[in-house]
Amino acid sequence: VKDAYIRYKGWDFADITIGQDKEPFSLGLITGLKNSNAIERNIASQAFRLGRNLGVNFAPANKDYTWSVGLYDVGEYGSDITQGGGGKLAVTGRLTLSPVNKKSQVLHLGTSFSRRDLDGAEFEIESNAEVQGSVDVLDTRNFQADSLSQYVLESAWIKGRLALAGEAYYQDVKGSVDSNSAIYTGYYVEGSYFLSDDSLRYKNGRFTSVKPNNDSGAWQLVLRHSFLDAEDNQDGMEITNSMLGVNYYYGKAIKLMLDLTRTELAGYDVKALERGDA
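Here we summarise the structure given alongside this text. What you are looking at is a predicted structure, and each value in this text was computed from that prediction instead of being measured.

What the protein chain contains, in helices and strands, is two helices and 17 strands. Over its C-alpha atoms the protein chain spans a radius of gyration of 19 Å, differing by no more than 12% from the 19 Å that the globule rule assigns to 278 residues. For the protein chain, the C-alpha atoms occupy an extent of roughly 60 × 55 × 35 Å along the three principal directions. Relative to its full complement of 278 residues, the protein chain shows a buried share of 46%. Sequence separation of 24 or more characterises 60% of the internal contacts of the protein chain that already satisfy a separation of 6 or more. When the accessible area of the protein chain is evaluated, it comes to approximately 14,000 Å², of which 55% is carbon and sulfur surface. If the 29 positive side-chain charges of the protein chain are averaged to one point and the 37 negative ones to another, these points end up 11 Å apart.

Written as structure tokens, this is what we have:
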């Protein structure tokens, strides 16, 4: 079960959601994958994803701004009692502003944070370098961690057929042993352009589904560059990905996607292979 929650909308202050839902973190992660411009999320989003967890969340919706804050069971990290975790909590929040929010043009600014008590659970970062079905190119060593704090700065701009987006991530993991503590960072920049008379759609701090204006459908070109620095304590690697994508939308139900990616690796864990294409 991905989502299972009760949401109450009777308060003017905010809606309240109780149950299992996606934590409010990052434009690229809060936007559903079916509405993404690429087949896979970028490597930075993959590394810092929080996913869905049990909790309680408060969030109002407004045309020009959104905020969301929730208290969650740690879930993915620290849920295994045999590893010393379980029963610990996380606080996650997100704030977005849309100083320009018109049908023809949107300017989005935002930030997110998450503070997580790991209680000595084993921690690692994994990434398949944006290739579904591939083994994890990145798999940092496991170490026992007491807490995790991570942040992201968001920005996006839509002007007619053109759209630009980018985010910068920062993660600070405190190890049970000080020498195991690590800092990981990453970012991505993405641009897309419709060859047809169409545009990306935006609502309540996230991208929504594309609805072609013509019966013949919509064609979209996408360029993305992403970077992840998961190299610390003489372990891990740096990953750089470049992606070219072509998308075709037909009606409300059909979306065809083709992505070409090039991955470059550097760091302690890089052995023979330093580059790969998919």
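Another point: empty space enclosed by the protein. Counted according to the given criterion, the structure contains three cavities of 30 Å³ or more. Empty space within the largest cavity amounts to approximately 180 Å³. If you go around the largest cavity, you meet 14 residues; those closest to its centre are Gly28, Ser36, Asn37, Tyr188 and Glu190. Every element with two or more residues in the lining of the largest cavity is listed here: α1 (27–30) and β11 (182–194).

Turning our attention to a nonpolar patch on the surface. Judged by side-chain polarity, Val69, Leu71, Leu89, Val91, Phe113, Tyr151, Tyr170 and Ile183 come together as a nonpolar surface patch covering roughly 630 Å² of accessible area. Checked against the element boundaries, Tyr170 lands in strand β10 (residues 162–175). The partly exposed category is assigned to Tyr170, whose relative accessible area is 34%.

Turning to the side chain of Asn53, a few remarks are in order. Within the secondary structure, Asn53 is located in strand β3 (residues 52–59). The buried category is assigned to Asn53, whose relative accessible area is 6%. Of note is the side chain of Asn53, whose polar atom sits 3.4 Å from the backbone oxygen of Leu50.

Okay, the pairing of strand β15 (residues 235–250) next. Sheet topology places strand β14 (residues 218–232) next to β15; 15 bridges connect them, and they run antiparallel. Looking across to β15, one finds that Leu228 is bridged to Ile239. Between β14 and the antiparallel strand that follows it, β15, lie two residues; Asn233 among them carries a positive phi value of about 55 degrees. In the sheet, β15 pairs with strand β16 (residues 254–266) via 13 bridges, with the strands oriented antiparallel. Looking at the pairing, Met243 lines up with Thr261 of β16. The hairpin turn running from β15 into β16, its antiparallel successor, is three residues long, and Gly251 in that turn takes a positive phi close to 60 degrees.

Basis of the calculations
Residues numbered from 1 in each chain as written. Predicted model: local features only at pLDDT ≥ 70, side-chain atom pairs only at ≥ 80, totals over all residues. Heavy atoms only, no water. Helix = DSSP H or I, 4+ residues; strand = E, 2+ residues; numbered from the N terminus. Rg over C-alpha atoms; globule rule 2.2 N^0.38 Å. Buried < 20%, exposed > 50% of the residue type's maximum accessible area, 1.4 Å probe, protein only. Contact = heavy atoms within 4.5 Å. Areas by Shrake-Rupley, 256 points an atom, 1.4 Å probe, with all protein chains shown as cover. Lys, Arg positive; Asp, Glu negative; His and termini not counted. Charge placed at Lys NZ, Arg CZ, Asp CG, Glu CD. 1 Å grid on protein atoms, 1.4 Å probe; cavity = no way out; pocket = protein on both sides within 12 Å on 5 of 7 lines; lining within 4 Å. Points joined across faces, edges and corners; volume = space filled by probe spheres on them. Patch = residues over 30% accessible without salt bridge, like charges linked within 9 Å, V, L, I, M, F, W, Y side chains within 5 Å. Salt bridge = Lys/Arg side-chain N within 4 Å of Asp/Glu carboxyl O. Polar contact = N/O pair within 3.5 Å; in protein donor to acceptor, adjacent residues only side chain to side chain. Pairing = 2+ DSSP bridges.

Any functional reading would require information that these geometric values do not contain.
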